[in-house]
Amino acid sequence: MKNIKIRLMLLPLLLSTLALGACSQNAKQDDKNAGTVTSSQGGDGTKSGTIGAGGASGVNSNSTRGDYLPNQNVNNDPNNTNDLTLSGLNDPSNLLSKRVIYFDYNKAGIRPEYMILINTHAKLAAKYPQLKMRLEGHADERGSREYNVALSEQRSQSVKRLMGIQGARSGQIKTIGYGEEVPIVTGHDKDSWQQNRRVEIKYDNY
Amino acid sequence: MRNGNKMDKVSNSKTQIIEKRGGWSIKKAFLPLFSVIFILLSSSTYAELELHISKTSDDGIPIYIANISAGIPGGHNGIIEADLKRSGRFTIVNRSKIPNIASYGETLNAGAYQDIADYIVRGKDNGNGGLFIELVSTTDNAKTNYTITANENPRRPAHKAADLIYEKITRRKGAFDTRLAYVTVTNSTSKNRTFRLYISDSDGNNPQSILSSRRPIMSPAWSPDGSELAYVSFEKNTSAIYVQNIFTGAKRLISAREGINGAPAWSPDGSRIAMSLSINGNPEIYTINTKSGALKRITNSSAIDTEPAWNGTGSIIFTSNRGGSPQLYRISANGGDAQRITFDGKYNSAADIANNKIAFISGNRGAFHVAIKSMSESGKNMLSNGRLDESPTLAPNGAMVAYTTLRNGQNTLAVVSDNGKSRQFLTSPAGDVREPAWSPYLHK
Amino acid sequence: MAMIGAILFHVLIVGLFVLSFDWTEKPEMAEAGIPVSIILPNAEALELPTKIGNTEKEPEKQIVEPEPSEESIKAAEAIEKKQEQQQLATIARQEAALKIKEATEKRLLEQARAKKKLADQKLADQKLAEQKKTEQEKAKREKEKQAEKAEQERKAEEQKIVEKAKQKEEALAKEKTEKEAKRKAEEKAKKIAEAKREAQAKKDAQAKRDEQAIKDAQAKKNAKKKEERKKREKAKRLAKEKEAKEKKQAEERAAKIKAEKEEAERLAKKRAAEKAAAIKAAKLKAEKEAAEKLAAKKAEYHRKWKEAQEKKKADAIAAEARKKAAAEAASNKEALVKAKRGAQISWGSKIQRHVKRRWHPPPGTSGKSAKVKITVSASGYISSGIKVLSCSGSDEFCASVKDAFEQAEPLPRPPSKFNFNKSDRTITFIMD
């Protein structure tokens, strides 16, 4: 009930797009991100991102390296975070409602298409310092179980690091690796495995 | 002297017996290889034999277990038979081959059954749940008698008998009177999913749950005295290592540090528990003193280091992807440089060590199998042929490996002998079974 | 005075020197002498057991000999000096002090003793020399004796050799005789054997021979009878002729007068005729006898020939029988060998299975191999130890090979009925 109220109050805001404060002036950083974001180097984040009804699909990129960096300002105000509200977490049309990042087999690197999603959540965390989240990493059933725990922990660490770059505080984010213990689906096929290789972003109260 | 010279001369004329051979492969290992061709090269009256023995054979020592009556389903003889068979070292002779064998206490002319079995086992219930067991060799008619006391677990006397028979014949300690710990999960994808930690006999019988949780329970590891289990719990939404007494249920927290607290493994002397912690950012191997709690970092790499297994008290085998793919490495239990010990295949992990053997998971072309190798040999043998086999654990004598394998869409327990000759699937309580851990020899 | 004082002083010094010499050197002299008397019995003792080692012994003696002589010369010189010095010393002492007198007396006594000793030594040396001479003589004698002995021994040996030769000859003779005897015995034995072997044949032959003998005997009897008959007839004839003669004589006496001359002539003729007749008869007799003998001989020869013929036949039959038996035995032996070999191989395959079932090589050892040799006792135990002839694997692998055999004991026992020898029970295994 509470969520609904908040959402109703913030509705008008959802219609506008917001520029996200960002900073990456470093083209090299782009290269790094292309492969993996597990690298701890660089304190820079992306320049900007967009959220809203358009979601990830509304991303425009001028980067020749790829279209994964939401570094283009749709909105001219880079400090406008009006669209990042807690109510967005429960709005199915809001990108914040999407909270699963999927991974490649035996990899902890973030796929480019999840940059915007991660950045968006990072900005939310940055905007609400009291907001706490858990990043729950998972693996598919292949390979050994404790190795998968480590792998899934690394996946959540990858996400956390990227969020840190985007302004989220370390104390806001807890990581956990569940390995292959908590699958989404029980199938033993490629589709099932893909669904199970993931990091789930979980907010304590939302 | 003359005779001696004669012998020498005689020994020069040899006769060769050449056997058909096949290269090593799992398939071949399960085919009887006994087509023997004899070629007489010399027509000499005296000739020494030359015989060929190939590693590839599924033939075991033929043993006949007479009916041992008892109030147990299948009888004590059934338990003993299954045990001996599971070791991959025996062939159980069908009881119909000796239809009316003299029962325990009556005179037995064992030599008469020489062509049927190498050994005959007879026995009887002592009336109080204990057993009288008699092992007779048909080769020399030698008899060995055992008296086995009763146990609150009525199946254990039979396992003890199997151990004694195994030890007498193979001169190696038997490991049938041991336990397995494992985890089951029911409703794995729903909110009602339940994890349970079980302990059963080594043949899967007599399962008893000692812990249950809505959150994952992982990686049970036996203390060297067989009275405690270390395991990983996600009870508090983060991983933690606990130790629980299997008899009293008392449990204590060993490690709940930030990040991963995983893969506990007791040192053989019980003084330390090795584990994987990520307090410094990425998973590394640490040891923790079980009395003082002192923590010692063993590995130092920017990659995943996990799944430690003690190779004696001096060194640790663990899984690391420092080379790009998960492989097994060896490191001193005091730290230092690690040496890679697996080289073929893109995925070698989850080592378990007993009696100088390492069982581990070897992945190739998307399939994961149980492999076994000797600490002193570079080669390995594949022991399983499932699609997604996991969590190998060696019996304390190194003669058998328990692991999980997918059967009918669910993970189930299997036990394979170290030579690959025998494989049994164990029954277990409802649910997906995972992470068996074979207990040490029992002292109680 | 100063001169006298100087002389006295010198004398004193000399006296002191002598004193010191007496007290220190003399016992050493005595000691130096002692070993000689010790060496002697030693030398003798050494000499006794080594009779042949004389040549080696002699240089030792020569070394021992000069030592005492030098010492004795030195001693004698010393004594002369001492005597002179002591004479001077006594004078000095008499003048210097009475106390030294006792010492000098003692010393004199000792001197005397020393002299005696020296004398003794000389005597001893002389004795020694004599002994040596005698010993040398002895040695010579002994040598001679030895030579004699050696000669004697040589002679004895020669004699022995001769005797041996004789003995050999005798032995050879004996051997010869024995050989001959043996040969004879063997021949006899052969004959006996042959006889035995021919027994069957002989029985038939005997029968025939018996018949022949009977026939011969009858033939002889007949011949004798004929002879007797002939003799009797001769006698009759002679008697008749006599009667006829007497008649004729009577008639002739009657007709003597008629023709004495004719009668005489006739008588002469008659006598001549008689003689001729007698000769003829004798001749006939001899011829008959010769014929009879020849016949007998012929009969004998025929009999022998027959016997030989039969013997040959019997021999041939026996030889054939022997051949047959040998062939049969050979085929039997071959069958036995085959059976034994078969039993060995089936036993081997049992062993093979038995060991194979108990071999648990460490994992990851494909391609590794070993060669093992064992000898199995009649009771199924490995009697010779497990000999690993070669092994290409690690220690663990090689140990597993050995372990397989240790576990396999007792092995299936070798089949008892073929009496497997050690070689039959020795097996080489190639294990890979």
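You'll find the structure just up there.
Residues numbered from 1 in each chain as written. Chains lettered and ligands numbered in written order. Predicted model: local features only at pLDDT ≥ 70, side-chain atom pairs only at ≥ 80, totals over all residues. Heavy atoms only, no water.

J.: Describe the overall build of chain A, listing the residues and the values that go with them.
T.: Of regular secondary structure, chain A possesses five helices and four strands. Helices and strands in chain A line up, N terminus first, as α-α-β-α-β-α-β-α-β. A total of about 9000 Å² of accessible surface is found on chain A, and carbon and sulfur atoms cover 50% of it. (Helix = DSSP H or I, 4+ residues; strand = E, 2+ residues; numbered from the N terminus. Areas by Shrake-Rupley, 256 points an atom, 1.4 Å probe, with all protein chains shown as cover.)

J.: I'd love a proper account of the interface of chain A and chain B, names of residues and values included.
T.: Many descriptions give the size of an interface as the accessible area lost when the pieces come together. Every contact between the two is made by 30 residues of chain A and, on the other side, 44 residues of chain B. Between chain A and chain B lies a buried interface of about 2800 Å² when both sides are counted; carbon and sulfur atoms form 56% of it. Ranking the residues of chain A by area buried against chain B places A:R145, A:E146 and A:Y147 at the top, with a combined share of 26%. In this structure, the connection of chain A to chain B is made through two salt bridges. Connecting chain A to chain B are 14 residue pairs in polar contact (both at pLDDT 80 or more). When contributions to the side of chain A that touches chain B are tallied by element, the ones reaching two or more residues are α4 (145-165) and β3 (173-177) of chain A. Here the side of chain A that touches chain B takes eleven residues from α4(A), the largest share from any one element. The residue inventory of the side of chain A that touches chain B, partitioned by class, reads twelve nonpolar, nine polar and nine charged. (Contact = heavy atoms within 4.5 Å. Buried area = accessible area lost by both parts, 1.4 Å probe. Salt bridge = Lys/Arg side-chain N within 4 Å of Asp/Glu carboxyl O. Polar contact = N/O pair within 3.5 Å; in protein donor to acceptor, adjacent residues only side chain to side chain. Nonpolar A, V, L, I, M, F, W, Y, C, P; charged D, E, K, R; others polar.)

J.: Any details on a positive patch on the surface? Residues and values, ideally.
T.: Residue and element names in this part refer to chain C. Positive charge collects at one region of the surface, where K221, K225, K226, R229, K230, R237 and K288 lie side by side. The dominant element in the positive patch, judged by the number of residues it contributes, is helix α5 (residues 199-254), at six residues. R237 sits in the partly exposed class, given a relative accessible area of 45%. (Patch = residues over 30% accessible without salt bridge, like charges linked within 9 Å, V, L, I, M, F, W, Y side chains within 5 Å. Lys, Arg positive; Asp, Glu negative; His and termini not counted. Charge placed at Lys NZ, Arg CZ, Asp CG, Glu CD. Buried < 20%, exposed > 50% of the residue type's maximum accessible area, 1.4 Å probe, protein only.)

J.: Tell me about unusual backbone geometry, and please be specific about residues and values.
T.: Following C:E409, the chain continues to C:P410 via a peptide bond in cis, the omega torsion being -5 degrees. Residue placement: C:P410 occurs in the loop between α7 (395-408) and β3 (426-431). Positive phi values are uncommon outside glycine, yet B:A263 reaches one of about 55 degrees. With respect to the helices and strands, B:A263 occurs in strand β16 (residues 261-266). Relative accessible area serves as the criterion here: at 5%, B:A263 is assigned to the buried category. Of note in this structure, B:N356 is not a glycine but carries a positive phi near 70 degrees. Topologically, B:N356 is positioned in the loop between β24 (347-354) and β25 (357-364).

J.: Please set out the state of the cysteines residue by residue, giving values where relevant.
T.: Residue and element names in this part refer to chain C. Applying the stated criterion across every chain, the model contains one disulfide over all chains. The disulfide partner of C391 is C398, and the gap between their sulfur atoms is 2.0 Å. A torsion of -100 degrees about the S-S bond marks the disulfide between C391 and C398 as left-handed. Residue C391 is classed as partly exposed on the basis of its relative accessible area, which comes to 28%. C398 sits in the buried class, given a relative accessible area of 19%. (Disulfide = S-S within 2.5 Å.)

J.: Explain the packing of helix α3 (residues 115-127) of chain A against α4(A) to me, using residue names and the numbers behind them.
T.: Residues and elements named next belong to chain A. Relative orientation of the contacting elements α3 and α4 amounts to 60 degrees, with a least axis distance of 8 Å. In terms of orientation, α3 and α4 fall into the oblique class. When you trace α3 past α4, the crossing you get is right-handed. Facing α3, whose interface residues are M115, I118, N119, H121 and A122, α4 presents V159, L162 and M163. A class-by-class count of the residues in the contact of α3 with α4 yields six nonpolar, two polar and no charged. (Axes fitted to C-alpha atoms, helices over the stretch in contact; angles between N-to-C directions. Parallel < 35°, antiparallel > 145°, perpendicular 65-115°, else oblique. Left-handed = near helix turned anticlockwise from the far one by under 90°.)

J.: Pulling in residues and values, what's your account of the interface of chain B and chain C?
T.: Facing the 50 residues of chain B at the interface are 51 residues of chain C. Counting the surface chain B buries against chain C, the share from its top three residues, B:L49, B:I53 and B:K55, is 19%. Here B:R172 and C:D403 are joined by a salt bridge, their closest N and O atoms 2.8 Å apart. Scanning the region where chain B abuts chain C turns up 20 residue pairs in polar contact (both at pLDDT 80 or more). Every element with two or more residues in the side of chain B that touches chain C is listed here: α1 (2-12), β1 (14-19), β2 (36-39), β3 (48-53), β4 (61-65), α4 (156-170), β26 (367-374) and β27 (380-382) of chain B. The biggest single contributor to the side of chain B that touches chain C is β3(B), with six residues. Looking at the side of chain B that touches chain C residue by residue, the class counts come to 18 nonpolar, 16 polar and 16 charged. Examined bridge by bridge, β3(B) and β3(C) share five bridges and lie parallel to one another. Within the sheet, the bridge partner assigned to B:L51 lies in β3(C) and is C:F429. (Pairing = 2+ DSSP bridges.)

J.: I'd like to hear about the side chain of A:T175, residue by residue, with values.
T.: Residue and element names in this part refer to chain A. Looking at where T175 falls in the secondary structure, it is placed in strand β3. Residue class for T175 comes out buried when judged on its relative accessible area of 13%. At a separation of 3.3 Å, a polar atom in the side chain of T175 contacts the side chain of Q157. Not counting residues within four places of it along the chain, the set of residues in contact with T175 comprises L135, E153, S156, Q157 and K160.

J.: Go over the sheet that holds β26(B), please, and point to the residues and values.
T.: Residues and elements named next belong to chain B. Strand order across the open sheet formed by four strands is β24-β25-β26-β27, with antiparallel pairing between neighbours. The sheet terminates laterally at β24 and β27, the two strands that pair on one side only. Between one strand and the next, the sheet's axes are offset by a mean angle of 30 degrees, whatever the strand orientation. As paired strands, β26 and β27 are joined by three bridges and run antiparallel to one another. Paired with A371 across the strands is M382, a residue of β27.

J.: For the environment of C:K248, give the residues involved together with the corresponding values.
T.: All names here are of chain C. Inspection of the secondary structure assignment puts K248 in helix α5. When its relative accessible area of 37% is taken as the criterion, K248 is described as partly exposed. It is 10.0 Å that separates the C-alpha atoms of K248 and L267, two residues lying 19 residues apart in sequence. Setting aside chain neighbours within four positions, we find K248 in contact with R253 and K270.

J.: Give me the pattern of salt bridges: which residues, what numbers.
T.: Residues and elements named next belong to chain C. For the structure on display, the rule yields 32 salt bridges over all chains. With a shortest N-O distance of 2.2 Å, R303 and E300 are connected by a salt bridge. Of this pair, R303 and E300 both sit in helix α6 (residues 256-356), three residues apart, which is roughly one turn of the helix.

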